[in-house]
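# A structural walkthrough
Single-letter residue listing:
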Amino acid sequence: WQSERFIRRHPESLHWVNVNRMFFLLGLFIFIITGVLQYWSYYYYILDPSALIFNIVFFRALSLTIFWLLLLSLASLAYWLLPKIWRYLPIVLWALLFIFYLIFWAINAGILYFSNLYFSPVILEHAEGGGGVMFNQVSYLLAVALLAVLAGFLYLLKKFLQTQKLSPKRYWYYYNFL
């Protein structure tokens, strides 16, 4: 929020503040989610060669956040460059990819908790007869957490699109190229 204090000095600060706040909130949300997922992976995965390096969680979360924000910037840039009919397609594709990422990690978190291994074809082979183990307290907690995260993500995405409609594109270009 420190940057808002500097941005408010601009004569047209309302648009700058809105765009800055949306990118910050989405970035913070993605960083927290990827940080929690990377910590879960660090804590439970037994074959991690960097298990003794505790700050690897932070750097993995940071790099994943940068990756998702880069894809969002490209999708947002395409929002302004494409005709009105195709305008929402890149952002919807980005959102679907991120939702798939969250669902995959919810499944992976459950597998990591019980087997200490990542989701893989070998795990699927071993899990064939484990249908009774699939529905338990941890699975239900992970499903509720996934729904809460998806609800938060969809809310932020809705606010992002609303802000994109309200602010002129020149403000978005700055953040897309940043």
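The paragraphs below set out a description of the structure included in this document. (Residues numbered from 1 in each chain as written. Predicted model: local features only at pLDDT ≥ 70, side-chain atom pairs only at ≥ 80, totals over all residues. Heavy atoms only, no water.)

### Description of the overall build of the protein
Along the protein, the regular secondary structure elements total eight helices and zero strands. Starting at the N terminus, the α and β elements of the protein follow one another as α-α-α-α-α-α-α-α. Looking at the 178 residues of the protein, the share that counts as buried comes to 39%. Considering only intrachain contacts with a sequence separation of at least 6, the fraction spanning at least 24 residues in the protein is 69%. Within the structure as shown, the protein displays about 11,200 Å² of accessible surface, and the carbon and sulfur contribution to it stands at 73%. (Helix = DSSP H or I, 4+ residues; strand = E, 2+ residues; numbered from the N terminus. Buried < 20%, exposed > 50% of the residue type's maximum accessible area, 1.4 Å probe, protein only. Contact = heavy atoms within 4.5 Å. Areas by Shrake-Rupley, 256 points an atom, 1.4 Å probe, with all protein chains shown as cover.)

### A look at the side chain of arginine 87
Mapped onto the secondary structure, arginine 87 falls in the loop between α3 (56-81) and α4 (89-115). Sequence-distant contacts of arginine 87, defined by excluding residues within four places in its chain, comprise Tyr79 and Leu82.

### Looking at the packing of α3 against helix α7 (residues 137-166)
In the contact formed by α3 and α7, the axes pass within 12 Å of each other and the chain directions differ by 40 degrees. Our classification of the angle between α3 and α7 gives oblique. In this structure, the crossing between α3 and α7 has a hand that is right-handed. The segment α3 lies against α7, with Leu72, Ser76, Tyr79 and Trp80 engaging Phe160, Gln164 and Lys165. By residue class, the composition of the contact of α3 with α7 is four nonpolar, two polar and one charged. (Axes fitted to C-alpha atoms, helices over the stretch in contact; angles between N-to-C directions. Parallel < 35°, antiparallel > 145°, perpendicular 65-115°, else oblique. Left-handed = near helix turned anticlockwise from the far one by under 90°. Nonpolar A, V, L, I, M, F, W, Y, C, P; charged D, E, K, R; others polar.)

### Regarding the packing of aromatic side chains
This model, assessed by the stated rule, comprises 15 aromatic pairs. With a centroid separation of 5.4 Å and an interplanar angle of 70 degrees, the aromatic rings of phenylalanine 67 and tryptophan 68 are classed as edge-to-face. We classify phenylalanine 67 as partly exposed; its relative accessible area is 40%. Cation over ring: arginine 87 sits above tyrosine 79, and NZ or CZ is 4.8 Å from the ring centre. (Phe/Tyr/Trp six-rings, centres within 6.5 Å; stacked < 30°, edge-to-face > 60°. Lys NZ or Arg CZ within 6 Å of the ring centre and 35° of its normal.)

### Focus on the nonpolar core
Of all hydrophobic cores here, the largest spans 30 residues; its most connected members are Phe29, Trp94, Phe98, Tyr101, Leu102, Phe153 and Phe160. Elements that contribute at least two residues to this core include exactly α2 (13-44), α3, α4 and α7. Considering each element in turn, this core owes the most residues, nine residues, to α4. (Core = buried A, V, L, I, M, F, W, Y, C linked by side-chain atoms within 4.5 Å.)

### What to know about a nonpolar patch on the surface
Where nonpolar side chains cluster on the molecular surface, the patch consists of Leu82, Ile85, Trp86, Tyr88, Leu89, Val92, Leu93 and Leu96 and spans about 790 Å² of accessible area. Residue position: valine 92 is located in helix α4. Classification of valine 92 as partly exposed rests on a relative accessible area of 42%. (Patch = residues over 30% accessible without salt bridge, like charges linked within 9 Å, V, L, I, M, F, W, Y side chains within 5 Å. Salt bridge = Lys/Arg side-chain N within 4 Å of Asp/Glu carboxyl O.)

Any link to function would need more than the numbers given here.
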